[in-house]
Amino acid sequence: MSTVKIRCAAARLKLMAFDVDGVLTDGRLYYGEDGQECKAFNTLDGQGLRFLQQAGIELAIITGRTSGAVAARAANLEIRHLFQGVADKRACLVALLDHLKLSAAEAGYMGDDVVDLPVMRLCAFAAAPANAHPLVKKHAMFVARARGGEGAAREVSDLILTAQGKFESILKPWLSDGKA
């Protein structure tokens with residue numbers, strides 16, 4: 001896929017949705033002796049999601065599993081659209097788009113496994129981490145250099161912000177010498 005097509009699709013986004021396991025995490029599942037599930041999230045990814053929100057892009061998490069850790073992370077990042085235990089991610093996104101009065105041309109999704117393909121193929125912008133299933137990478141418009149849970153979502157966030165011409169203004173407070 002050409003860089004121009006990727007940037008054009010990213011420039012139109014008003015909603016970016018993410019899978020969790022293998023995208024916002026490394027895909028491994030950790031269970032304590034009590035059966036409690038634990039997940040590790042990357043802070044670079046989290047900051048990228050915050051930047052997207054700051055730029056006015058709606059965020060959603062659509063995942064097939066249900067986890068208290070995911071609910072806690074979504075709350076921490078103030079992600080309003082959290083859908084867990086979803087069997088049909090495509091139908092979930094279609095309903096969300098209808099609710100937000102957006103079209104699929106204004107939506108993106110980042111997934112890593114074949115169960116993500118229907119929703120990825122619906123969206124104008126589809127992304128995958130470096131360690132996604134080969135078939136998913138084949139259907140992704142953009143494949144990050146980073147692996148899931150290791151900054152892949154941040155790469156996507158930075159790409160979207162750059163395509164929309166918002167990256168520099170988002171970073172300005174941290175690049176300023178304080179004399180602005």
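Structural data are supplied above this passage.
Presented here is an overview of the structure given in this document. On a predicted model such as this, the values are computed, not experimentally measured, just so you know. (Residues numbered from 1 in each chain as written. Predicted model: local features only at pLDDT ≥ 70, side-chain atom pairs only at ≥ 80, totals over all residues. Heavy atoms only, no water.)

## Looking at the packing of helix H1 (residues 3-11) against helix H7 (residues 152-163)
Each pair of packed helices can be summarised by the angle the axes make with each other and by the distance between the axes.
Phase 1: At their nearest, the axes of H1 and H7 sit 8 Å apart, and the two run at 85 degrees to each other. Here H7 runs roughly perpendicular to H1, going by the angle between their axes. Across the interface between the two elements, Ile-6, Arg-7, Ala-10 and Ala-11 from H1 touch Leu-159, Ile-160, Thr-162 and Ala-163 from H7.
Phase 2: Broken down by class, the residue content of the contact of H1 with H7 amounts to six nonpolar, one polar and one charged. (Axes fitted to C-alpha atoms, helices over the stretch in contact; angles between N-to-C directions. Helix = DSSP H or I, 4+ residues; strand = E, 2+ residues; numbered from the N terminus. Parallel < 35°, antiparallel > 145°, perpendicular 65-115°, else oblique. Contact = heavy atoms within 4.5 Å. Nonpolar A, V, L, I, M, F, W, Y, C, P; charged D, E, K, R; others polar.)

## Some thoughts on the side chain of Asp-112
Phase 1: On the secondary structure map, Asp-112 appears in the loop between strand E6 (107-110) and helix H5 (117-122).
Phase 2: Here Asp-112 occupies a buried position and makes no salt bridge, while the nearest side chain of opposite charge, Lys-89, is found at 6.2 Å.
Phase 3: When neighbours within four sequence positions are excluded, Asp-112 is seen to be in contact with Asp-19, Asp-21, Gly-22, Val-23, Pro-129, Ala-132, His-133 and Val-136. (Buried < 20%, exposed > 50% of the residue type's maximum accessible area, 1.4 Å probe, protein only. Lys, Arg positive; Asp, Glu negative; His and termini not counted. Salt bridge = Lys/Arg side-chain N within 4 Å of Asp/Glu carboxyl O.)

## Here we look at the environment of Ile-61
Phase 1: Along the polypeptide, Ile-61 turns up in strand E4 (residues 58-62).
Phase 2: Between the C-alpha atoms of Ile-61 and Ser-157, which are 96 residues apart in sequence, the distance is 14 Å.
Phase 3: Not counting residues up to four positions away in its chain, the partners in contact with Ile-61 are Phe-18, Val-20, Leu-24, Val-70, Ala-74, Ile-79, His-81, Leu-82 and Phe-83.

## Here we look at the sheet that holds strand E1 (residues 15-18)
Phase 1: With parallel pairing, six strands are arranged side by side in an open sheet as E5-E4-E1-E6-E7-E8. The sheet terminates laterally at strand E5 (81-83) and strand E8 (142-143), the two strands that pair on one side only.
Phase 2: Relative to E6, E1 is paired through four bridges, and the arrangement is parallel. Considered in E6, the bridge of Leu-15 is made with Ala-107. (Pairing = 2+ DSSP bridges.)

## Regarding the nonpolar core
Phase 1: Membership of the largest hydrophobic core comes to 35 residues, with the highest contact counts inside it found for Met-16, Phe-18, Met-110, Phe-125 and Ile-160.
Phase 2: Listing elements by their share of this core, those giving two or more residues are H1, E1, helix H2 (43-54), E4, helix H3 (68-76), strand E7 (125-128), H7 and helix H8 (167-175).
Phase 3: With six residues, the single largest contributor to this core is H7.
Phase 4: Contact partners of Ile-160, with chain neighbours within four places excluded, come to Ala-10, Leu-13, Met-16, Leu-52, Ile-57 and Phe-125.
Phase 5: Formed by 22 residues, the second largest nonpolar core is a distinct cluster that contains Ala-17, Leu-93, Leu-117 and Ala-132. (Core = buried A, V, L, I, M, F, W, Y, C linked by side-chain atoms within 4.5 Å.)

## Focus on a nonpolar patch on the surface
Phase 1: Where nonpolar side chains cluster on the molecular surface, the patch consists of Val-114, Val-115 and Leu-135 and spans about 230 Å² of accessible area.
Phase 2: Mapped onto the fold, Val-114 is located in the loop between E6 and H5.
Phase 3: Judged by its relative accessible area of 36%, Val-114 falls in the partly exposed class. (Patch = residues over 30% accessible without salt bridge, like charges linked within 9 Å, V, L, I, M, F, W, Y side chains within 5 Å. Areas by Shrake-Rupley, 256 points an atom, 1.4 Å probe, with all protein chains shown as cover.)

## Describing the pattern of salt bridges
Phase 1: Per the stated rule, a full pass over the model turns up ten salt bridges.
Phase 2: With a shortest N-O distance of 3.1 Å, Lys-14 and Glu-106 are connected by a salt bridge. Of this pair, Lys-14 sits in the loop between H1 and E1 while Glu-106 sits in the loop between helix H4 (89-100) and E6, and the two are 92 residues apart along the sequence.
Phase 3: Look at Glu-106 and you get buried, because its relative accessible area is 18%.
Phase 4: With its nearest N and O atoms 3.0 Å apart, the salt bridge here joins Lys-39 to Glu-37. Considered together, Lys-39 and Glu-37 belong to a single accessibility category, that of buried residues.
Phase 5: Through salt bridges with shared partners, a single ionic network connects Asp-21, Glu-37, Lys-39 and Arg-65.

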